[in-house]
Amino acid sequence: MSALREIFGDQLTEAPKKQVHKQNTGYSSHLGWVFVCNEFQERPKAVRTYHSLFGASEAYTYYTPNTFYRNDQRHAGNLRWLNAMVVDIDVKNGQNRGMLLPDVHDAVSRAGLPTPSLIVSTPSGGFHVYWYFNRPKRAFPKVTDHYKHIQAAIAEVLQGDPQAVGAERWFRMPTIRNTAYQSASRVSFDDLCDWLAIRQEERSAERKAACVGSAGLLHHPAIQKLLSGVSEGQRDNTCYTLALAFKSSGYSAEEAEFRLKEWNQRNDPPMRELEIKRKVKSAFKEGAPAGPSAKWIRQLSGMAFAYQVWEEAKPREERTYSHFEEWKQDVIRYLKAQGGVVSAAQRSIAQAIRSSSDRTKSIPYSTFKKVIEHLIEIGIITKAVEGKGRAAVTTLTLIKPSKVIPFIRKDALKKNGFNSNRVRADGTLDVNEIHTYRLPGGKQEILRRFPEAADFRVRNFSAGQVTGGTGRIGEVAKDEVRPLPSALDGAEARIGAPEGAGEAVLIYAYQLDGPLSAYKEFSDLDVTFFSQWSEEFKGLRDLEVSVVLPGNAGESSIRPFTRNMNGSDVDVRPNGLTFRDPVVENPEEASYRVFFPSDLLDDAKKTPAPMSLEEAYAEEADQFKRKAEMKPFLDRFVEYGGLAGFLLCLFAAATLFIPQRVPVMINRPGLILGTDPLYLHMIQRAGRFSPAVLDAAVFSLLEKGKVAATGQGAAKEYRLLCRPDELLSFEQAFVEGFFRREPGDVRLLAPADAEAARGDRRLRDWQKKLLPLFEEAGTLGRRAPRIVLLTAAVIPAVMWVAGAVVDARPPGWILAFAALLAFSLFLHARKEPLRRWALLHTALLAGTAPMYDSSGAGTVVILTTLAYLIVWLTFPRILLRSLFANRLKYAINSVAWKPPRRNFDEMTPKEAGLWRNREALLRNKRLPGQ
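Sequence order sets the numbering: in each chain, residues are counted from 1 along the sequence as written. Reporting in this predicted model follows two pLDDT cut-offs: at least 70 for local features of residues, and 80 or more for side-chain atom pairs to be given and counted; totals over whole chains, interfaces and linings ignore these cut-offs and use all residues. Hydrogens are left out, water is left out, and the side-chain values use all remaining heavy atoms of the structure.

### Re the overall build of the protein
Each helix is a run of H or I in the DSSP string that is no shorter than four residues. Each strand is a run of E no shorter than two, and both are numbered from the N terminus. Of the regular secondary structure elements, the protein holds 26 helices and 31 strands. Here the protein holds 930 residues, and 48% of them are scored as buried. Whether two residues are in contact is decided by their heavy atoms, any of which lying within 4.5 Å being enough. Within the protein, counting contacts between residues at least 6 apart in sequence, those at least 24 apart form 71% of the total. Relative accessibility thresholds used throughout: buried, under 20% of the residue-type maximum; exposed, over 50%; partly exposed, between the two (1.4 Å probe, protein chains only).

### Observations concerning helix H4 (residues 141–157)
Here the expected length of a helix is defined as 1.5 Å per residue gap, with one fewer gap than residues. Its 17 residues give H4 an end-to-end C-alpha distance of 25 Å, which sits within 8% of 24 Å, the value for a rise of 1.5 Å per residue. Among all positions of H4, only Val143, Thr144, Tyr147, Ile150, Gln151, Ala153, Ile154, Ala155 and Glu156 are buried. Positive phi shows up at Gln159, right after H4, with a value of about 55 degrees.

### Let's talk about the pattern of salt bridges
Throughout this description, the term salt bridge denotes a Lys or Arg side-chain nitrogen within 4 Å of a carboxyl oxygen of Asp or Glu. Under the defined criterion, the tally for this structure stands at 24 salt bridges. In this structure, Glu445 and Arg494 form a salt bridge, with 2.5 Å as the shortest nitrogen-oxygen distance. Of this pair, Glu445 sits in strand E15 (residues 445–449) while Arg494 is found in strand E19 (residues 492–496), placing the two residues 49 residues apart along the sequence. Taking relative accessible area as the criterion, Glu445 reaches 34% and is therefore assigned partly exposed. Each of the salt bridges in this network shares a partner with another, and the network as a whole consists of Glu257, Lys261, Glu273 and Lys277.

### A look at the sheet that holds strand E11 (residues 381–386)
Backbone-to-backbone hydrogen bonds join strands into a sheet, with any given pair of strands oriented parallel or antiparallel. Pairing between two strands is assigned when DSSP locates at least 2 bridges connecting them. Read from one edge to the other, the open sheet built from three strands follows the order E10-E12-E11, with strand pairing classed as antiparallel. In this open sheet, the two edge strands, each paired with only one partner strand, are strand E10 (341–344) and E11. Mean inter-strand twist for the sheet, computed between neighbouring axes without regard to direction, equals 15 degrees. Where E10 meets strand E12 (residues 393–398), four bridges bridge the pair, whose relative direction is antiparallel. The residue of E12 that forms the bridge with Ala344 is Thr394. Lines fitted to C-alpha atoms define the axes, with helix axes restricted to the stretch in contact, and inter-axis angles between N-to-C directions lie between 0 and 180 degrees. The strands touched by helix H13 (residues 365–377) within the sheet are E11 and E12, with E11 carrying the most contacts at an inclination of about 120 degrees.

### Concerning the side chain of Thr122
Locating Thr122 in the fold gives a position in the loop between strand E6 (118–121) and strand E7 (127–138). Residue class for Thr122 comes out buried when judged on its relative accessible area of 14%. Pairs of N or O atoms are called polar contacts if they sit within 3.5 Å, as long as, within protein, a hydrogen donor faces a hydrogen acceptor (for residues adjacent in sequence, only side-chain-to-side-chain pairs). Reaching out from Thr122, the side chain makes a polar contact with the backbone nitrogen of Gly126 at a distance of 2.9 Å. Sequence-distant contacts of Thr122, that is, excluding residues within four places in its chain, are made with Phe127, His128 and Arg172.

### Topic: the packing of helix H17 (residues 729–738) against helix H19 (residues 761–768)
Packing of H17 against H19 leaves a shortest axis separation of 11 Å and a crossing angle of 180 degrees. Taken together, the axes of H17 and H19 lie roughly antiparallel to each other. Residues Phe730, Ala733, Phe734, Gly737 and Phe738 of H17 form the contact with H19, whose participating residues are Arg762, Leu763 and Trp766. For classification, angles of less than 35 degrees are called roughly parallel, those exceeding 145 degrees roughly antiparallel, those between 65 and 115 degrees roughly perpendicular, and all remaining angles oblique.

### Examining the UniProt feature "transmembrane region" (unreviewed entry) in the protein
UniProt positions are given in the numbering used here, feature names are shortened, and annotations may be inferred rather than shown by experiment. Within the UniProt annotation, "transmembrane region" (unreviewed entry) is assigned to residues 640–658, 787–806, 812–829, 836–852 and 858–880. Here residues 812–829 runs as 100% helix and 0% strand, with 26 Å between its end C-alpha atoms.

### With respect to a nonpolar patch on the surface
Exposure above 30% relative accessible area and the absence of a salt bridge qualify a residue for a patch, where like charges join within 9 Å and nonpolar side chains (Val, Leu, Ile, Met, Phe, Trp, Tyr) within 5 Å. Residue burial considers only the protein chains on display, and all accessible areas are found by Shrake-Rupley using a 1.4 Å probe. A contiguous nonpolar surface patch, about 390 Å² in accessible area, is contributed by Leu643, Phe646, Leu647 and Leu650. Considering the arrangement of structural elements, one finds Leu643 in helix H14 (residues 613–654).

### Regarding the packing of helix H8 (residues 253–264) against helix H9 (residues 273–284)
It is the contact of H8 with H9, at a shortest axis distance of 10 Å, that shows an interaxial angle of 140 degrees. Judged by the inter-axis angle, H8 sits oblique to H9. Of the two possible hands of crossing, H8 and H9 adopt the one that is right-handed. For the pair H8 and H9, contact is made by Ala253, Ala256, Glu257, Leu260, Lys261 and Asn264 and by Glu273, Ile276, Lys277, Val280 and Phe284, respectively. Of the residues that constitute the contact of H8 with H9, the class distribution is six nonpolar, one polar and four charged. In a left-handed crossing the near helix is turned counterclockwise from the far helix by less than a right angle, and in a right-handed crossing that turn is clockwise. When residue character is reported, Ala, Val, Leu, Ile, Met, Phe, Trp, Tyr, Cys and Pro are called nonpolar, Asp, Glu, Lys and Arg charged, and the others, Gly included, polar.

### A short note on the packing of aromatic side chains
Geometry of aromatic contacts follows a simple scheme: Phe, Tyr and Trp rings, the Trp one being its six-membered ring, pair when their centres are within 6.5 Å, and the pair is stacked under 30 degrees between planes, edge-to-face over 60, tilted otherwise. Taken as a whole and judged by the stated rule, the model has 18 aromatic pairs. Judged by centre distance (5.8 Å) and plane angle (80 degrees), the ring pair of Phe734 and Phe739 falls under edge-to-face. Each member of the pair, Phe734 as well as Phe739, is classed as buried. Linked through ring pairs, Phe133, Tyr147 and Phe189 together constitute an aromatic cluster.

### Concerning helix H2 (residues 50–59)
Those residues of H2 lying buried are Tyr50, Leu53, Phe54, Ala56 and Ser57. Taken down its axis, H2 places every buried residue within 160 degrees of arc, on the same side. Residues of H2 that are exposed and point more than 90 degrees away from the buried face comprise His51 and Glu58. Considering only its buried residues, H2 is in contact with helix H1 (2–8), strand E1 (34–37) and strand E2 (45–47). Throughout, the arc means that of the directions going from the helix axis to the C-beta atoms.

### Examining the side chain of Glu275
Tracing the backbone shows Glu275 in helix H9. The class of Glu275 is buried, set by a relative accessible area of 18%. For Glu275, the side chain forms a polar contact with the side chain of Arg278, separated by 3.1 Å.

### Some thoughts on the pairing of strand E20 (residues 502–513)
In summary, the side chains of a regular strand alternate between the two faces of the sheet. When you tally the buried positions in E20, you get ten out of twelve residues, the bulk of the element. With eleven bridges joining them, strand E14 (residues 429–439) and E20 adopt antiparallel strand pairing. Looking at the pairing, Thr436 lines up with Val505 of E20. Relative to E20, strand E16 (residues 457–466) is paired through seven bridges, and the arrangement is antiparallel. Along E20, the bridge assignment pairs Arg459 with Gln511.

### What to know about the pairing of E12
Burial along E12 is one-sided: Thr394, Leu396 and Leu398 are buried, while Val393, Thr395 and Thr397, pointing the other way, are not. Bridging between E11 and E12 involves six bridges; their strand directions are antiparallel. Residue pairing in the sheet places Thr382 in a bridge with Thr397 of E12. Adjacent in sequence and paired antiparallel, E11 and E12 are bridged by six residues, among which Gly387 carries a positive phi angle near 85 degrees.

### Points about a negative patch on the surface
On the surface, Asp426, Asp599, Asp602 and Asp603 cluster together into a patch of negative charge. Following the sequence through the fold, Asp603 ends up in the loop between strand E27 (590–596) and H14. Judged by its relative accessible area of 58%, Asp603 falls in the exposed class. As used throughout, the charge tally considers Lys and Arg to be positive and Asp and Glu to be negative, leaving His and the chain termini uncounted. To locate a charge, the coordinates of NZ of Lys, CZ of Arg, CG of Asp or CD of Glu are taken.

### Comments concerning unusual backbone geometry
Here the residue pair Asp268 and Pro269 is connected by a cis peptide bond, since its omega of -5 degrees sits within 30 degrees of zero. The residue Pro269 is located in the loop between H8 and H9 in this model. Not every positive phi belongs to a glycine, and Asn460 is a case in point at roughly 55 degrees. Relative to the elements of secondary structure, Asn460 occurs in strand E16. The class for Asn460 is exposed, based on a relative accessible area of 53%. Phi at Asp745 is positive, roughly 55 degrees, even though this residue is not glycine. Tracing the backbone through its elements, the reader meets Asp745 in the loop between strand E30 (740–742) and strand E31 (746–749).

### So, the sheet that holds strand E29 (residues 717–720)
Taken in spatial order, the four strands of this open sheet run E28-E29-E31-E30, and their pairing is antiparallel. The two strands at the open ends of the sheet, each matched to only one other strand, are strand E28 (707–710) and E30. In this sheet, adjacent strand axes meet at a mean angle of 35 degrees when their direction is disregarded. Relative to E31, E30 runs antiparallel, the two sharing three bridges.

### A word on the environment of Gln299
Within the secondary structure layout, Gln299 lies in helix H10 (residues 294–301). For the pair Gln299 and Leu158, spaced 141 residues apart in sequence, the C-alpha to C-alpha distance is 9.6 Å.

Set out below in structure tokens:
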């Protein structure tokens, strides 16, 4: 166990701290997490104490010798400390088979490397070789990249595993049983960097003596050694490497396959010919490398080797697109041909500029604008515009070389030193930011979105591209910045993107008002540079925020806080402090708070503090503690809640395909036969009744043989053929209300009677009685949709409360909005559901979602709210008032509805004919004569 203590030092505690011993700030400047596991595919366990690590050494096989900020993400971006350089010497490739411990020491000595600190043997016969650092190295991204280069170089000279490279890699846990060698030797990271530099110089000298080009590639001693045959474990990589060597030497695929089959006979044992065919096919396919990898040839042969395959660029005549510099020369050539001055609309000028290689091609307008801006910037041309809009005339003038005057911006970015975010004596904050972007080709502009808040006011924004130096805050000089065009619009800054694609380092400078509160007792700087909603983390490589005070406050007088859960570090100095946050896979907001003495702000207007400094300090510490405790629950809420919200939206959208007629609810065939024509009339008019409903009612009675038609045209009458008590209740009301009684208890309905009743109140009263009948017959259900609607309203409300709790929102804030949501749910349950309740419920949910600190929690609430809205819109049966929803349901119902199966053999011929007629009626969605 002493090896583990030598590696980690004070980065692990002996045992979990008690609550009273924990730091109030919630973060530590030196502790780190160690991951352990048994299988690489399983979920690893993270430990932070020696007690846990020693216990894990008995139960787990692998661990990470370098430590991490967080306990849930094992990747290079989360590394905190680099403790040792470790290389895996594997014997699975057959090259190191039979290697013993003295062989390892000999290989280390030949390579000029320091004495190893620890060598661990593996069950397969390999070794893990350690060099402990004399002090841990902070795992900044550039440092971890350099660590990886050194590790790869050591693995190459020791014939180690080239895939086991990276500071975040797993290695076998050192124990008493597997420790083959241990010493007190340690090495500095800088010494290994010097070793790499010497190694690269030697390699450069080797390259000068090695073959350049592919003409003599197959005759090189390294290739000849591979062609003499290899052992099992090296055959696959060697076969693919040799196939690429034959390809670069001009062999065809068939010739290469023939030569490789000959080579295969010299292998021990030979590989299958099918595998050779696959390797050749892979090497000769489109997009494969033009030649073999020099690194793999060195590793497989164990000999010095370097070469370069030179591929000349295609001439412009053979390319579809021209380069920027080529169009630039075309523009200059055109201006010279026009006498140095041209005036016209910009698009007309662009159309007149032709490619020097193809006169049929004009410069694209977007490229033309970029070229013109570039020529203006470097002082080759001038540009003047007269007029506006389509009538505008642009004049481009070519400047003679003798008149070129260098242009220097007066407001060019100055060297910022440590003063990256300086607090002035009046409370204004001068801010500098450095962003590293990976830009695609053709990108026009970059957006920098600031938090939209009343206390966050940005002014005097400028931007530039860092063209030299280290590209870090505090180390950028004036002559290392090329100004970029920028414009500030409210909380959004638009920056002109640099030319070309690839990585670009941009620096922003601006003044910030509002985040600092100057009290008589103390000063309070509360600032959020980025929030999760702004998505600014996508462009960041390192996040380092320095705050410089106008005077010397002293380290003991400055009290810093960070609201980030990324694993922050803070360095406090007498005149300021620096926050360092790793940019992890799922970053939190970049939000900070600093308390310092008010006597440093001589020019600021000061007011009495609302609370004492100790109370403000305790309040901030308590808020961080709540957020830290809720962080695991918040991650699970976002992960599972987002999936649940998405599924709810799909389910809500699927309700569109629920047909209007629900077969389970059909229980009275006689009632159905009477109401179907009336229901068909309703959906034909998008859920609205009209006086024409009388025609549908008469058709229903005619179809069942309860009335008979006599006469033609205006003399046509309908006569009731049965007693009223033989009819259904709504049919009785229809007969009593609209048929006139004649002597002999004869009941008749003439067209004139129907026309008189169309505008009568009796018709409206009778129509109101039809809704309960539709519900009873199963053609319309209002109760079930109301339950569905209430359920859809409850789910986002519960998600809102749960999200606010795990996001550590203030309890009073949660209770106030929860009370409003409860009132909205009460309206859904107790009142007839009207559209105004949906608007109120949606406004409460979606309107407060951006108030979450976590964008993920807000997204979950918005998704469930969207599902609620979809349910509301797709259930027109609630009140039959939504014209769009009813037409949509009607259109889908035409496809989705299927008539229930019936046994016509058990019916009388009359009943069977009646049902067949009814099915055709509903399937076609038309009454006879329509």
